[in-house]
Amino acid sequence: MSSTPNPSQPNNLPGFDPLMGQLEVLEPGIAMFHGFANVAFAYGRGEMIVVDTSSQQMGAMAVRAIRQVSEEPFAFLIYTHGHGDHAFGTEAFMTDAIARGHARPKIWAHEQVAARFERYALTRGWQRHINRLQFGGAFAAERLFEPNSFTHPDLVYRDEQFLDLVGEPVELHHAMGETDDATWVWMPARRLAMVGDLIVSSMPNTGNPNKVQRYTLEWAQALEAIAQRGPRYLLPGHGPVYRGEQLCAEVLRDTARAIRFIHDEVVRRLNAGQWPVDIVEADISIPAELADKPYLRPIYGCVAFVVRDVIRRYAGWWSGEPSQMFPATRHERGNDLVALCGRGAIVAKARALKDAAQLRRALALAEIALNANPSDHEAIGLNAEILEAMAAGERSFIARNFFAGAARQLRARAPVGTGSQC
Ligand SMILES: [Zn+2]
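Per chain, the residues get numbers from 1 upward, laid out in the order the sequence is written. Selection of residues for local features in this predicted model requires a pLDDT of at least 70, selection of side-chain atom pairs for listing and counting requires 80 or more, and totals for whole chains, interfaces and linings are taken over all residues. The basis for every side-chain value is the complete set of non-hydrogen atoms in the structure, without hydrogens or water.

K.L.:
I keep staring at the pairing of strand β8 (residues 160-165) and nothing clicks. Help me out?
P.N.:
Strand residues, when the strand is regular, have side chains that alternate between the two faces of the sheet. Across six bridges, β8 lies against strand β9 (residues 168-175) in antiparallel orientation. Residue pairing in the sheet places Asp-164 in a bridge with Pro-169 of β9. One bridge is not enough; two strands pair if DSSP finds at least two bridges between them. Per the convention used, a helix needs a DSSP run of H or I reaching at least four residues, while a strand needs a run of E reaching at least two, with both numbered from the N terminus. Linking two consecutive strands that pair antiparallel, namely β8 and β9, is a turn of two residues; a positive phi of about 50 degrees is found at Val-166 within it.

See the structure below:
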């Protein structure tokens, strides 16, 4: 586990390190533990309500932080969704309750959370593999998705649920966004919205390259519905708390506008008969006044990923390139090009493109040489170098970790010293 602060989790707290965590009291009775993911809690009425339980790695740390503020029993835990960084820290809360002789907390969540846990159990190996890459070691993927990761909800709802918890009205609203099991929590008396990963202080993480379908249009609709309530506090799943009616409205509405813009543009192009490959190559961008917003920077998700999500939602898997319906293998294509152009010419051109900072084109050529001969050490080293350069310049935490991870895998195959002297 790395202790390097994760730059994709911006936070206003001085000296903040997401893997060490930090506590922030917002107003009497409401506080948030900032960790890799945030844990919000309401206290001071004899019992506590906790929204999200963090990860298996950080659950105990979240409990310790909360205990600095209140000794009250955890009456209710609410999952904003079933992702590992939000719902897998529950065991620490249960252990604390047992140790203090408190009653077992009750867990509220959307009814689809259980199906997510079943899917994770079914695909445990794959989940570990992709999350190890996605989080680049900043998040202990090897400890994710253990049999004891999943603490199922006790109480579920479908569309919305109006509750009175610990003497305070609390509303649970279902949303589709990063997941199909999302809940945003509304505390009307405080005009406080706890929205989980519907807001992550970045371009939303829709269209994650290795994850299942996400819901761009419904995501925008959920943000618009939250904005309609006029929150004074907006507590995101990652990143800083937003305070004040005006800023909350701006963050919600701008984020909705940005992803709606991408959604509508992709749909317009699909309706005009463009193939997915045409739409990807069109390199859609959002209006500059939105791209400049600090909460829409492409530091976790990015516009190109959102485009992919919308395409996948409405179209099939085929890119539109005839050669990709029943594709020749990468090895065949690589060999054919190497036979035509010569391996040396391809490698030299790839290196020249890399030196000219044309990294996408450089990688495309370097991959051809590698695919022709997967044990070509010069090609392995060159691919790794290009990927490292791409990682160094990449703003999206997800893409950066994938590039760096792919480079590391290549380096592990190449004898030491190859790749930089060719
Ligand atoms: Zn999250």
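K.L.:
I would appreciate a short explanation of unusual backbone geometry in the present structure.
P.N.:
Trans peptide bonds make up most of the peptide bonds, and negative phi angles are found at most residues other than glycine. Even without being a glycine, Asp-52 presents a positive backbone phi close to 75 degrees. For Asp-52, a relative accessible area of 2% corresponds to the buried category. Look at Ala-357: it is not a glycine, yet its phi comes out positive at around 65 degrees. Relative to the helices and strands, Ala-357 resides in the loop between α12 (343-355) and α13 (359-372). In this scheme, a residue with accessible area under 20% of its type's maximum is buried, one over 50% is exposed, and one in between is partly exposed, where area comes from a 1.4 Å probe on protein chains only.

K.L.:
For this particular structure, what's the right way to read the coordination of the zinc ion?
P.N.:
When four donors bind a metal tetrahedrally, each ideal donor-metal-donor angle is 109.5 degrees, and when six bind octahedrally, the ideal angles are 90 or 180 degrees. At the metal site, the zinc ion is ligated by Asp-85 (OD), His-86 (NE2), Asp-197 (OD) and His-238 (NE2), and these contacts range over 2.1 to 2.4 Å. Only nitrogen, oxygen and sulfur atoms qualify as donors, and only when within 2.8 Å of the metal (3.2 Å in the case of Na, K and Ca); with water excluded, sites may look incomplete. Metal sites are grouped by the angles between bound donors: all angles between 85 and 135 degrees with four donors is tetrahedral, opposite donors over 155 degrees apart with the others between 65 and 115 is square planar for four donors and octahedral for six, and any other pattern is irregular. Because the angles between the four donor atoms bound to the zinc ion fall within 84 to 164 degrees, the donor set is best described as irregular.

K.L.:
It is not clear to me how the sheet that holds strand β10 (residues 182-187) should be interpreted in this structure. Could you clarify?
P.N.:
Backbone hydrogen bonds hold the strands of a sheet together, and the pairing may be parallel or antiparallel. The six strands are arranged β8-β9-β10-β11-β12-β13 in an open sheet whose pairing can be described as mixed. Unpaired on one side and paired on the other, β8 and β13 (242-243) mark the two borders of the sheet. Both strand β12 (residues 233-236) and β13 contribute to a ladder of two bridges, which runs antiparallel. For Leu-234, the partnering residue across the bridge sits in β13 and is Tyr-242.

K.L.:
Hey, could you run me through the side chain of Asp-85 in this one?
P.N.:
With respect to the helices and strands, Asp-85 occurs in helix α2 (residues 84-87). In this count, Lys and Arg are taken as positive residues and Asp and Glu as negative ones, while His and the chain termini are left out. By definition here, a salt bridge exists when the distance from a side-chain nitrogen of Lys or Arg to a carboxyl oxygen of Asp or Glu is within 4 Å. One buried charge, Asp-85, has no salt-bridge partner; the nearest side chain with opposite charge is Lys-211, at 8.0 Å.

K.L.:
What should I look at first to understand the environment of Ala-193 in this one?
P.N.:
Counting through the fold element by element, Ala-193 comes out in strand β11 (residues 192-196). It is 5.1 Å that separates the C-alpha atoms of Ala-193 and Leu-234, two residues lying 41 residues apart in sequence. Only heavy atoms enter the contact rule, under which two residues are in contact if any of them lie within 4.5 Å. Residues in contact with Ala-193, not counting those within four places in the same chain, are Val-185, Trp-186, Ile-226, Pro-231, Tyr-233, Leu-234 and Leu-235.

K.L.:
What's the story with the packing of aromatic side chains in this structure? I'm lost.
P.N.:
Any pair of aromatic rings gets described here by the distance separating the centres and the angle formed by the planes. Side-chain rings of Phe, Tyr and Trp (the six-membered ring for Trp) are treated as a pair once their centres are within 6.5 Å; stacked means planes under 30 degrees apart, edge-to-face means over 60, and tilted covers the remaining angles. One pass over the full model with this rule turns up 13 aromatic pairs. Between the aromatic rings of Phe-88 and Phe-150, the centroid separation amounts to 5.3 Å while the plane-to-plane angle is 85 degrees, which identifies the pairing as edge-to-face. Linking Phe-88 in the loop between α2 and α3 (90-99) with Phe-150 in the loop between α5 (124-134) and β7 (155-157), this pair joins segments that are 62 residues apart in sequence. A relative accessible area of 1% means that Phe-88 is categorised as buried. Pairing Tyr-242 with Tyr-295 gives two aromatic rings, centres 6.4 Å apart and planes at 85 degrees, and the pair type is edge-to-face. Here Tyr-242, found in strand β13, pairs with Tyr-295, found in the loop between α9 (288-291) and α10 (303-314); they are 53 residues apart in sequence, far enough to count as distant.

K.L.:
Can you walk me through the pattern of salt bridges in this structure?
P.N.:
A side chain with one charge can pair with a side chain of the opposite charge if their charged atoms come near. Applying the stated criterion across every chain, the model contains 28 salt bridges. A salt bridge links Arg-232 to Glu-27; its shortest N-O distance comes to 3.8 Å. One end of the pair, Arg-232, is in the loop between α6 (216-228) and β12; the other, Glu-27, is in strand β1 (residues 22-27), with 205 residues separating them in the sequence. Taking the relative accessible area as the measure of exposure, Glu-27 reaches 17% and is therefore buried. Here Arg-116 ties to Asp-181 by a salt bridge, and the two come within 2.7 Å at their closest N and O atoms. With a gap of 65 residues between them, Arg-116 in helix α4 (residues 113-122) and Asp-181 in the loop between β9 and β10 connect regions that are remote in the sequence. Considered together, Arg-116 and Asp-181 belong to a single accessibility category, that of buried residues. Each of Glu-27, Arg-45, Glu-168, Arg-190 and Arg-232 takes part in one network of salt bridges that share partners.

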